[in-house]
Amino acid sequence: MTKPRSWIERRLFALAVLALAISGLGQMPIFKRYYIADLPGLAWTADFYVTHLIHYLAAAVFLALVALRVGEALASRRVHLTRLQWTQAAVVAGLVLTGFIRVWKNLPGGGVTKGTGMVVDIGHLVLAMAWGGLALTGWIIRRRSTSRLAP
Amino acid sequence: MKKHVSRRQFLGGLGLLGVAGAASVLPAAPARAASSRSAELVTLLDLSKCVGCGACVQACKEANAARYPEPKKPFPPMLPKRVKAEDWSDQREVDDRLTPYTWLYVDHIAGQHDGQPFELHMPRRCMHCQNPPCANLCPWGSCSKDARGVVEIDPATCLGGAKCRDVCPWGIPQRQTGVGLYLDLLPRLAGNGVMYKCDRCTPRLDQGQLPACIEACPFEVQQIGPRQEMEAKARALAAEMPGYLYGLEENGGTNTIYVSPVPFEVLETARAKGQGRPHLAAVGDPFENQTLLAAALVTAPLAGLAGAALRTISRATREADHD
Ligand code: SF4
Ligand code: SF4
Ligand code: SF4
């Protein structure tokens, strides 16, 4: 990465990830059970078709921004990633792959076998949680190193 | 043999071919393979023939009794308080709606059409949608569709969150609390049993047998066969009757086609409404927008890569200008 990312690009990326996380969680029947959908203005969180559509839209933005970053990194021929970042990249790749298989399954002519479906569905969920965990780890490491650097 | 089969033909076939040969009576389809439209089986129901005797309902119950839930009681308490147990285990005989113990019921509908009184009987169960939202949106992959067009819920992995019922336009799957995997996970906090519905008698299909309800009907109301053939038959029957079709286009297309001499709008108005009693209104394709967006999902990374290329080129040009 040769240049710091623009404010708008960073915000857009964060927004897409947030929308993916919320709409992804919304695929489990929990927002109604746990009163989230009862909060004013949040009734939509219990509408599976709405959260599903949001997941698609956010995924499109996310994929474009990830491809932009990957493309730029490859073009600069300077890819220096820490082990944590490599792990994150692998997890995101897994999320994208399982996500695309789910999209294929939802197409009128698509479909997967029962076994594949289960592996992909649970895999997508586990990878999403793993990415969340890795992001948290990264944040803690960054905070520690900044506080160490601080006078 | 690629023909549709009626009950009589099927029994005749059994006699001739023996049980081993019965598998060939139903069109051969790799039972658990991924969906490919041509191999899907469609059931066609001629409502002008149904007398509402309920033999199909009885046959369904007998054929599937061994797979009915046997819940442990008392149920573990669930949090928060709003989560209610759904228990049908003491009302197994209910036959005027869908329950975890009634995967098929007959709706008896009476009314007026064109100034004439009518009485019609309509077996109701899962429609086995071609692009089933219950299977597509199940968070755990517990609900799936196979190459024969059968949509089934795996009782070993279903957690009973009832999302399948929420996204099914007809509210078909029915919940029984106190059974299933959720009991071994976090029974207080997540899950609420297992969802049940018609799976076209999968164990029978696996052995090349007809679904019990089709076999038991004394009037051969139902036929089962490959999609193309059944579609053509349904249209021909509707033209001859003259009648109306339901299920062909609903919910993006289903593998159940009803042909009725009375329009379905009239039946929808006349039928008794209630929980567990699927409606007869028109249903559009629930994944219309998602299908459109799928193209955007494929193009998005390409757009990102194009952006990266443009940025790299403009950066290189700027640097060259500096030099
Ligand atoms: S479908 Fe056949 S068995 Fe079922 S109620 Fe109608 S006539 Fe009776
Ligand atoms: S009718 Fe409902 S339960 Fe049956 S396949 Fe369609 S969406 Fe699923
Ligand atoms: S196909 Fe089998 S499970 Fe489905 S309604 Fe008929 S008898 Fe019942």
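Quantities reported herein were computed from a predicted structural model and do not represent experimental measurements.

Reading the values: rules and limits
- Residues numbered from 1 in each chain as written.
- Chains lettered and ligands numbered in written order.
- Predicted model: local features only at pLDDT ≥ 70, side-chain atom pairs only at ≥ 80, totals over all residues.
- Heavy atoms only, no water.
- Near = heavy atom within 4 Å.
- Nonpolar A, V, L, I, M, F, W, Y, C, P; charged D, E, K, R; others polar.
- Helix = DSSP H or I, 4+ residues; strand = E, 2+ residues; numbered from the N terminus.
- Salt bridge = Lys/Arg side-chain N within 4 Å of Asp/Glu carboxyl O.
- Buried < 20%, exposed > 50% of the residue type's maximum accessible area, 1.4 Å probe, protein only.
- Contact = heavy atoms within 4.5 Å.
- Buried area = accessible area lost by both parts, 1.4 Å probe.
- Polar contact = N/O pair within 3.5 Å; in protein donor to acceptor, adjacent residues only side chain to side chain.
- Domains from an automatic or database assignment.
- pLDDT = per-residue confidence, 0-100.
- Core = buried A, V, L, I, M, F, W, Y, C linked by side-chain atoms within 4.5 Å.

### Digging into the site of ligand 1
Near ligand 1 there are 13 residues, and of these C50, C53, G54, C56 and C217 of chain B occur at the shortest range. Class assignment of the residues belonging to the shell around ligand 1 gives a composition of eleven nonpolar, two polar and no charged.

### Re unusual backbone geometry
Residues and elements named next belong to chain B. Following L79, the chain continues to P80 via a peptide bond in cis, the omega torsion being -15°. At the junction of M241 and P242, the peptide bond is cis and its omega measures out at -15° in the coordinates. With respect to the helices, strands and loops of the structure, P242 is situated in the loop between α7 (227–240) and β9 (244–246). The phi angle at R200 is positive, at roughly 55°, despite the residue not being glycine. On the secondary structure map, R200 appears in the loop between β7 (194–196) and α5 (202–206). Phi angles above zero are rare outside glycine, and C201 is one such case at about 55°. Note on placement: C201 falls in the loop between β7 and α5.

### Things to note about the site of ligand 3
All names here are of chain B. Within the structure, ligand 3 sits among C60, N64, W103, L104, R125, C198, D199, R200, C201, P211, A212 and C213. Where the shell around ligand 3 is concerned, the elements lending two or more residues are α2 (55–64) and α6 (212–216). Looking at the shell around ligand 3 residue by residue, the classes come out as eight nonpolar, one polar and three charged.

### As for the pattern of salt bridges
Taken as a whole and assessed by the stated rule, the structure comprises 20 salt bridges over all chains. When the shortest N-O distance is used, the salt bridge between E86 of chain B and R165 of chain B registers 2.9 Å. One end of the pair, E86 of chain B, is in the loop between α2 and β2 (105–113); the other, R165 of chain B, is in helix α4 (residues 163–167), with 79 residues separating them in the sequence. Among the residues examined, E86 of chain B registers a relative accessible area of 18% and is labelled buried. R204 of chain B is the salt-bridge partner of E215 of chain B, the closest N and O atoms lying 3.0 Å from each other. With a gap of eleven residues between them, E215 of chain B in helix α6 and R204 of chain B in helix α5 connect regions that are remote in the sequence. It is possible to trace a salt-bridge network through shared partners that takes in E9 and E72 of chain A together with R311 and R315 of chain B.

### Let's talk about the interface of chain B and chain A
Each partner contributes to the interface: chain B provides 52 residues, whereas chain A provides 45 residues. Surface buried jointly by chain B and chain A totals about 4,200 Å² across both partners, of which 60% is contributed by carbon and sulfur atoms. On the chain B side of the contact with chain A, R82, W140 and L297 of chain B bury the most area, a combined 17% of that side's loss. Across the pair E72 of chain A and R315 of chain B runs a salt bridge, and its minimum N-O distance is 3.1 Å. Joining chain B to chain A, the criterion identifies 17 residue pairs in polar contact (both at pLDDT 80 or more). Within the residue set of the side of chain B that touches chain A, elements represented by two or more residues are α3 (133–136), β4 (143–145), α4 and α9 (288–322) of chain B. Sort the elements by how many residues they give to the side of chain B that touches chain A and α9 of chain B lands first, with 16 residues.

### Here's the deal with the domain arrangement of chain A
Residue and element names in this part refer to chain A. Looking at chain A, the domain boundaries give domain 1 (1–80) and domain 2 (81–151). Just the C-alpha atoms count here: the centres of domain 1 and domain 2 sit 12 Å apart. Listed per partner, the contact involves nine residues of domain 1 and twelve residues of domain 2. Each partner contributes to the roughly 740 Å² buried at the junction of domain 1 and domain 2, and carbon and sulfur atoms together form 75% of this total. Of all residues in domain 1, the largest losses of buried area upon contact with domain 2 belong to Y56, L63 and H80, amounting jointly to 45% of the total for that side.

### Let's talk about the confidence of the model for chain B
All names here are of chain B. Predicted confidence across chain B gives a mean pLDDT of 90, with 88% of residues reaching 70 or more. Contacts for the low-pLDDT stretch residues 1–25, under 50 throughout, to residues beyond four places or in other chains number 40 contacts. Low confidence marks residues 27–35, where pLDDT is under 50. Its contacts with residues over four positions away, or in another chain, come to 29 contacts. For this predicted complex, the interface score ipTM comes out at 0.90, while the overall pTM is 0.89.

### Description of the nonpolar core
Counting 59 residues, the largest nonpolar core has W170, Y246, Y258, F264 and L267 of chain B as the members making the most contacts within it. Y246 of chain B has contacts with M127, W170, T256, I257, Y258, F264, H279, L280, A281 and V283 of chain B, leaving out every residue within four places of it along the chain. One finds F62, V66, W131 and L134 of chain A within the second-largest nonpolar core, a separate group that totals 24 residues.

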